[in-house]
Amino acid sequence: LPGLDGRKMSKSFGNDIPVTAEAGEQFARLMAMSDESMNAYQRLVLLDSPELCASTAARIAAGENPMRIKQELSQRIVSRFNGEGEAEKVRKQWERTFSRREAPADMPEFLCPGTMEICRLLKESGLTVSMSEARRLVAEGAVYSDESRITDPYHVVDAPKDVSTSRVIRIGRRRYVRVRFSGAP
């Protein structure tokens, strides 16, 4: 079975899709597979008939978007290991986050006592494991506050004037936290 990079799947290469991974992680990794690998996954993981595999290949050859077919295959594979309901849920979440570039509906929350530097907020909220990781991600331009990129590691996240509102802090497209403020700015 090919891994995510086209080589033989191997945990050592880091190109694997663990059966024990949570459904959202499985779906995201499956969506990262190459278009050329879809047939192998359809044959070897889903155990589809040669006719069904040929039908999928014909859909691609006819000009259907491979992304749509990959979503269908990924949902079927995740369903096989996690159940149909969970597979549908993670597909919708993936479409919302990656296709429409929206924040996930359910994300962890962090109660912030007031203003806080972004690196400290990232560490204390659990988005990063260390301040140095937080500084590195900020320097790389991977950190956003309400869709505004943060590049200054000393940037201070202020509580909004209305403390009943919140801010969404994210790293890339996969790690989010909703920051609620307990005190006035």
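Comments concerning the packing of helix α6 (residues 118-125) against helix α7 (residues 131-139)
Helix packing geometry: the angle between the two helix axes and the distance between the axes. Taken N-terminus to C-terminus, the directions of α6 and α7 make an angle of 125°; their axes are 8 Å apart at the nearest point. One way to sum up the angle between α6 and α7 is to call them oblique. Between α6 and α7 lies a crossing of right-handed hand. Contacts between α6 and α7 involve Ile118, Cys119, Arg120, Leu122 and Lys123 from the first element and Met131, Ala134, Arg135 and Val138 from the second. Residues that form the contact of α6 with α7 fall into these classes: six nonpolar, no polar and three charged.

Some details on the sheet that holds strand β3 (residues 143-145)
Taking strand neighbours across the sheet as the criterion, the five strands line up as β1-β7-β6-β3-β4 in an open arrangement whose pairing is mixed. With one partner strand each, in any of the chains shown, β1 (109-112) and β4 (148-150) form the two edges of the open sheet. This sheet shows a mean twist of 30° between the axes of neighbouring strands, independent of strand direction. Relative to β4, β3 is paired through three bridges, and the arrangement is antiparallel. Bridge pairing in β4 places serine 145 opposite serine 148.

Parameters at a glance
- Residues numbered from 1 in each chain as written.
- Predicted model: local features only at pLDDT ≥ 70, side-chain atom pairs only at ≥ 80, totals over all residues.
- Heavy atoms only, no water.
- Axes fitted to C-alpha atoms, helices over the stretch in contact; angles between N-to-C directions.
- Helix = DSSP H or I, 4+ residues; strand = E, 2+ residues; numbered from the N terminus.
- Parallel < 35°, antiparallel > 145°, perpendicular 65-115°, else oblique.
- Left-handed = near helix turned anticlockwise from the far one by under 90°.
- Contact = heavy atoms within 4.5 Å.
- Nonpolar A, V, L, I, M, F, W, Y, C, P; charged D, E, K, R; others polar.
- Pairing = 2+ DSSP bridges.

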